[in-house]
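The lines below spell out each chain.
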Amino acid sequence: MRTKLRSLSHEEIARKSTEICKQFENSEKLQFVFQKSENLAFYMPLSNEVDVTPLLLDALREGRNCYLPRVIDDGNMEFFKIDNSVSLESQLESGCYGILEPLLTLERLKKPFCYSDFSDMAIIVPGLAFGRDFTRIGKGKGYYDRFFEKLEQEGFKVFKIAVCFDCQLLDSVPHDKYDRKVDTIVTESQLIVI
């Protein structure tokens, strides 16, 4: 899968990312989820990932509560609220693995996680590969799976929206009891809903 992603040109990634973002505009289901969710979580993409920054910027312009993840230690991440009154770029710095992450000075969820803030949340989830059965392979560190597990232990559920290119979509991917499934998968040509 990494080889497939490396074969995509910057132009292809930009075009396919734009098409994926348009899926959010054109899908009544995704529009409903986004409007219903009090809080929205995004991610800052690596060079070969779907660029969902336009969705984040639109949500910030609408005054929505938007969050981005930051790796805190070798096994955990926390989400930080992005301030819509200043530029996004001024709130980011290069962090773990060279990913743009929110500054530590931003409002963070307290430890342990303030689950009440996430009881009504849609989160856009990146990954390396996804299955049509809603399985997911991340980058190997388990940050998202641990985060989702903590939410489940507290009885809260977030709506997990996977975004990927068509080439990342398989019938199923290897998974175990620690892996958390997603609720929807969005590619440049498909919308797969449970």
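Here the structure is a predicted model, which is why all the values come from computation and not from measurement.

Draft legend 1. Examining the packing of helix 2 (residues 10-26) against helix 3 (residues 28-36) more closely. Packing of helix 2 against helix 3 brings their axes to within 5 Å, and their N-to-C directions diverge by 80 degrees. Judged by the angle between their axes, helix 2 and helix 3 are roughly perpendicular. Contacts between helix 2 and helix 3 pair Gln23, Phe24, Glu25 and Asn26 from the former with Glu28, Leu30, Gln31 and Phe34 from the latter. Taken together, the residues of the contact of helix 2 with helix 3 sort by class into three nonpolar, three polar and two charged.

Draft legend 2. Structural view of the sheet that holds strand 8 (residues 136-137). Taken together, the three strands give an open sheet; going across it, the order is 8-7-10, and neighbouring strands pair in mixed fashion. Edge positions in the sheet fall to strand 8 and strand 10 (169-170), since each has one partner strand and no second. One ladder, built from two bridges, connects strand 7 (residues 129-131) with strand 8; its direction is antiparallel. Across the sheet, residue Phe130 finds its bridge partner in strand 8, namely Arg136.

Draft legend 3. Region of interest: the sheet that holds strand 3 (residues 77-81). Here seven strands make up an open sheet; going across it, the order is 3-2-1-6-9-11-12 and the pairing mixed. For this open sheet the edge positions go to strand 3 and strand 12 (191-193), each flanked by a neighbour on one side alone. Strand-to-strand twist in this sheet, taken as the mean axis angle between neighbours without regard to direction, amounts to 20 degrees. Across three bridges, strand 9 (residues 159-163) lies against strand 11 (residues 184-186) in parallel orientation. Residue pairing across strands places Ala162 opposite Ile185, the latter belonging to strand 11.

Draft legend 4. Examining the nonpolar core more closely. Ranked by internal contacts, the top residues of the largest apolar core, which has 48 residues, are Phe24, Phe42, Ile123, Ile124, Ile161 and Val163. Among all residues touching Ile124, those that are not within four sequence positions of it are Phe24, Phe34, Ala41, Phe42, Tyr43, Val52, Leu55, Ile161 and Val163. Counting residues in hydrophobic clusters, the runner-up holds eight residues, among them Phe130, Ala162, Cys164 and Leu169.

Draft legend 5. Region of interest: the pattern of salt bridges. Counted under the stated rule, the structure contains eight salt bridges. The partner of Asp58 in a salt bridge is Arg61, with the nearest N and O atoms 2.4 Å apart. Placement of the pair is Asp58 and Arg61 together in helix 4 (residues 53-61), with a separation of three residues, close to one helical turn. The salt bridge involving Lys160 is made with Asp183; its shortest N-O contact spans 3.8 Å. Of the two residues, Lys160 sits in strand 9 while Asp183 sits in the loop between strand 10 and strand 11, which places them 23 residues apart along the sequence. The exposure class of Lys160 is buried, given its relative accessible area of 6%.

About the criteria used
Residues numbered from 1 in each chain as written. Predicted model: local features only at pLDDT ≥ 70, side-chain atom pairs only at ≥ 80, totals over all residues. Heavy atoms only, no water. Axes fitted to C-alpha atoms, helices over the stretch in contact; angles between N-to-C directions. Helix = DSSP H or I, 4+ residues; strand = E, 2+ residues; numbered from the N terminus. Parallel < 35°, antiparallel > 145°, perpendicular 65-115°, else oblique. Contact = heavy atoms within 4.5 Å. Nonpolar A, V, L, I, M, F, W, Y, C, P; charged D, E, K, R; others polar. Pairing = 2+ DSSP bridges. Core = buried A, V, L, I, M, F, W, Y, C linked by side-chain atoms within 4.5 Å. Buried < 20%, exposed > 50% of the residue type's maximum accessible area, 1.4 Å probe, protein only. Salt bridge = Lys/Arg side-chain N within 4 Å of Asp/Glu carboxyl O.

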